[in-house]
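Reading the structure
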Amino acid sequence: MARLAQLELGEDELDAFTSQLAAVLDHAADLEALNVDDIEPSTHPFPLKNVLRIDDPGEGFNIEEVLEGAPKVEERQFRVPPILGDAS
Amino acid sequence: MKAIEIAEKVSSGEISARSVVEQHIEIINDIEPDVNAFNLVTAEKALIDADEIDSKIASGETLGPLAGVPISVKDNLCTRGVETTCSSKILEGWKPPYDATVIEKLKEAGAIIIGKTNLDEFAMGSSTENSAFGPTRNPHNLERVPGGSSGGSAAAVAAGFSPLALGSDTGGSIRQPAALCGVVGVKPTYGRVSRYGLVAFASSLDQVGPFANTVSDAALALEVISGHDPRDSTSIPEKPLDISGVLDDGVRGMRIGVIEELSGKGLGGISQDVLSRVEEAIKVLSNAGADVESASVPASVYGLSAYYVIAPAEASSNLARYDGIRFGPRTEAATTAETMTATRTKGFGDEVKRRIMLGTYALSAGYYDAYYGKSQRVRTLIMNDFAKAYEKFDILISPTAPTTAFPLGDKTADPMQMYLQDVCTIPSNLAGHPAMSVPFGSGADGMPVGIQILAPAMAEREMFQAAKILESESGNGIE
């Protein structure tokens, strides 16, 4: 799970988290007894619908301000370490 | 001084906005070192804003309904050019390039932002102890927690740092700290207040709302921040609320149900102190002419279980964006993938990691139906049970929190015990309904108790009318 979530855990952390998460899932087990097969699932409090607007370009974010919040920037772009292969 | 009085006196020129801000900064300087309600106090900027308000008054301009009123805002609301951290190391130092819609609305109304308040990291927690920048303490007793996750905002109002504050409520994060700190806290109908610029935790549950010392101040703040926002696709296309006009209409003839499952007859763990206050609240509402009876929302007892699947599932998706590429600090590693993992491992605290993993698990192939699918169906069940209850009742009441404020460190080792704090507040988030907490007396330990008032979607006005009655009989709301 940690790998899927892009997290790295030490042995101690793994033990602690495993028992804590088991306790939460145990609590959720009270749902098992409920028969809700005939009930529709709700993803949201109210029905969602697509909201469309006239394609009228407005003012966007100031690019300099956005880049100021980034950890590494080069030529007005986000700079990242190598994506493919080993680092060199 | 109440927010309403400050705005009146500043608008009429009786007092200056600068003097108001200076008074509040003085209180902050005195008490904040003990309370730690703020991640950042923006005193200098607040004084500049105050001078601007004063010069507008001098030149005869008409100002908004919150003219010169200091307000504290939870540090998960984006403020342009002002650090917004969510009390997480992963956003330390980040300055958003835009203001949240609620921040824009506050500024238009003449409010003055005095600081960014502490929270459980990414709003995940019920005690504000999960902050990467240290816990906030309850102003009524510094050994106790203020509740959470909007503990900094609740404490700021309770300590007199500002008459108003904004928080966010995903499972009770406004109402529970309001109850524990003895202030008014409101979670509006989902979609009533724009979420644009609120850092997302669980998007189908999150809602922004106000804290105040009085019900009328809370109503005014909610009026200001409510209304349709085209930048939030879930925003309800309605005009801003008008509550003040009906606030004193009382509860005569109103049908009020006491949720029996949340008031001692279903769930255990609700303290006798809290149940006694609920009994008194019933008497007060009855004496004011309401028709108060026992109500049943059977599926509400399953709210907690469903919530701790749904909220982490949404969070695991929302928090995927924190990877050290576009914002916040980065922990550099050989490749981009390793950099992302290293940044997240170092940047997130334990509770956030727990919830991300829980959500990842609940959404994974093989477990999706058993956990996430089932929880979504239970969510419908809770909505159906509320709908049935509201055929008979106009509003419902219950305790806000099962206990008064507990000591720091009391529940940090056992996440499940902490989660139980939200047992009475979660059902309203799952249903998208409005609910608020009103301070109503105290427990044997002298700590405040809150009564929760729940209403159907869009029925904030009735909810506030009942809150006003409870306030008038509780000895609160005077300062």
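Note that this is a predicted model, so its numbers are computed, not measured.

A count of helical and extended segments in chain B gives 15 helices and eleven strands. By the compact-globule yardstick of 23 Å for 479 residues, chain B fits well, its C-alpha radius of gyration being 21 Å. Along the first, second and third principal axes, the C-alpha set of chain B runs to 65 × 55 × 45 Å. Per-residue burial for chain B yields a buried fraction of 65% across its 479 residues. Long-range contacts, defined here as pairs at least 24 residues apart, represent 75% of the contacts in chain B between residues at least 6 apart.

On to the overall build of chain A, then. Secondary structure assignment for chain A yields two helices and two strands. A principal-axis box enclosing the C-alpha atoms of chain A has dimensions of 60 × 50 × 25 Å. Per-residue burial over chain A gives 8% buried out of 88 residues.

Residue and element names in this part refer to chain B. Counting buried residues in strand β9 (residues 395–399) gives five out of five residues, a clear majority hidden from the surface. Across three bridges, strand β7 (residues 255–259) lies against β9 in parallel orientation. Residue pairing in the sheet places Val 258 in a bridge with Ile 397 of β9. As paired strands, β9 and strand β11 (residues 448–454) are joined by four bridges and run antiparallel to one another. Of the residues in β11, the one forming a bridge with Leu 396 is Leu 454.

The subject of this paragraph is unusual backbone geometry. Residues and elements named next belong to chain B. In the segment running from Gly 148 into Ser 149, the intervening peptide bond is cis, with an omega of 10°. Tracing the chain through its elements places Ser 149 in the loop between β3 (112–117) and α5 (151–158). The residue Ser 87 is not glycine, and still its phi comes out positive at about 55°. Summarising the element assignment, Ser 87 is placed in the loop between β2 (70–74) and α4 (101–108).

A few words on the interface of chain A and chain B. Each side of the interface is counted separately: chain A has 43 residues, and chain B has 54 residues. Going through the elements one at a time, α1 (11–28) and α2 (63–68) of chain A are the ones with two or more residues in the side of chain A that touches chain B. Top element by residues in the side of chain A that touches chain B is α1 of chain A. It accounts for seven residues. Here the side of chain A that touches chain B is built from residues that sort into 28 nonpolar, eight polar and seven charged.

This part takes up the domain arrangement of chain B. Residue and element names in this part refer to chain B. What the domain assignment lists for chain B is domain 1 (3–246), domain 2 (255–301 + 381–474) and domain 3 (306–368). Computed from C-alpha atoms alone, the centre-to-centre distance between domain 1 and domain 2 is 24 Å. The interface is formed by 39 residues belonging to domain 1 together with 38 residues belonging to domain 2. If you list the elements that add at least two residues to the side of domain 1 that touches domain 2, you get α6 (175–181), β5 (184–187) and α7 (215–225). Sort the elements by how many residues they give to the side of domain 1 that touches domain 2 and α6 lands first, with six residues. Class assignment of the residues belonging to the side of domain 1 that touches domain 2 gives a composition of 18 nonpolar, 15 polar and six charged.

Turning to the sheet that holds strand β10 (residues 435–442) of chain B, a few remarks are in order. Residue and element names in this part refer to chain B. Strand order in the open sheet formed by eleven strands is β1-β3-β2-β4-β6-β5-β10-β11-β9-β7-β8, and the pairing between neighbours is mixed. In this open sheet, the two edge strands, each paired with only one partner strand, are β1 (38–41) and β8 (291–295). Ignoring which end each strand starts from, the neighbouring axes of this sheet average 30° apart. Sheet topology places β5 next to β10; three bridges connect them, and they run antiparallel. Paired with Lys 187 across the two strands is Ala 435, which belongs to β10.

Two elements in contact, α1 of chain A and helix α9 (residues 303–318) of chain B, have axes whose closest approach is 8 Å; the angle formed by their N-to-C orientations is 130°. It follows from the interaxial angle that α1 of chain A and α9 of chain B lie oblique. At the point where α1 of chain A passes α9 of chain B, the crossing takes the left-handed sense. Contacts between α1 of chain A and α9 of chain B involve Val 24, His 27 and Ala 28 of chain A from the first element and Ser 305, Tyr 308 and Val 309 of chain B from the second. Of the residues that constitute the contact of α1 of chain A with α9 of chain B, the class distribution is four nonpolar, two polar and no charged.

Our next topic: the environment of Ile 451 of chain B. Here Ile 451 of chain B shows up in strand β11. Put simply, Ile 451 of chain B and Arg 137 of chain B are 314 residues apart on the chain and 22 Å apart in space, counted from C-alpha to C-alpha.

Another point: the pairing of strand β4 (residues 164–169) of chain B. Within β4 of chain B, six of the six residues are buried, leaving the element largely enclosed by the surrounding structure. Alternating positions in β4 of chain B separate into two faces, Leu 164, Leu 166 and Ser 168 of chain B on one and Ala 165, Gly 167 and Asp 169 of chain B on the other, with burial throughout.

This part takes up the confidence of the model for chain B. Averaged over every residue, the pLDDT of chain B is 96; the share at 70 or more is 99%. Predicted as a complex, the structure gets a pTM of 0.96 and an ipTM equal to 0.92.

For the rest of this paragraph, the subject is the nonpolar core. Residues and elements named next belong to chain B. Membership of the largest hydrophobic core comes to 161 residues, with the highest contact counts inside it found for Ile 71, Ile 453 and Ala 466. Looking at this core element by element, the count peaks at nine residues for α9. If we ignore the near neighbours within four places in the chain, the residues touching Ala 466 are Val 251, Met 254, Ile 256, Leu 285, Ile 395 and Ile 453.

It is worth spelling out the environment of Pro 163 of chain B at this point. Residues and elements named next belong to chain B. With respect to the helices, strands and loops of the structure, Pro 163 is situated in the loop between α5 and β4. Residues Pro 163 and Ile 4, spaced 159 residues apart in sequence, show a C-alpha to C-alpha distance of 9.4 Å. Aside from chain neighbours lying at most four places away, what touches Pro 163 is Met 1, Lys 2, Ala 3, Ile 6, Val 69, Pro 70, Val 157, Ala 212, Asn 213 and Asp 217.

Axis angle and axis distance: for two packed helices, these are the angle between their axes and the distance between the axes, and together they describe the pair. Between α1 of chain A and helix α11 (residues 350–363) of chain B, whose axes approach to 11 Å, the crossing angle comes to 60°. Classified by the interaxial angle, the pair formed by α1 of chain A and α11 of chain B is oblique. Both α1 of chain A and α11 of chain B take part in a crossing whose hand is right-handed. Facing Phe 17, Gln 20, Leu 21 and Val 24 of chain A of α1 of chain A, the residues of α11 of chain B in contact are Arg 354, Met 357 and Leu 358 of chain B. Residue classes in the contact of α1 of chain A with α11 of chain B are distributed as five nonpolar, one polar and one charged.

Reading the values: the criteria
Residues numbered from 1 in each chain as written. Chains lettered and ligands numbered in written order. Predicted model: local features only at pLDDT ≥ 70, side-chain atom pairs only at ≥ 80, totals over all residues. Helix = DSSP H or I, 4+ residues; strand = E, 2+ residues; numbered from the N terminus. Rg over C-alpha atoms; globule rule 2.2 N^0.38 Å. Buried ≥ 20, exposed ≤ 12 C-beta atoms within 10 Å, placed from the backbone. Contact = placed C-beta atoms within 7 Å. Pairing = 2+ DSSP bridges. Nonpolar A, V, L, I, M, F, W, Y, C, P; charged D, E, K, R; others polar. Domains from an automatic or database assignment. Axes fitted to C-alpha atoms, helices over the stretch in contact; angles between N-to-C directions. Parallel < 35°, antiparallel > 145°, perpendicular 65-115°, else oblique. Left-handed = near helix turned anticlockwise from the far one by under 90°. pLDDT = per-residue confidence, 0-100. Core = buried A, V, L, I, M, F, W, Y, C linked by C-beta atoms within 7 Å.

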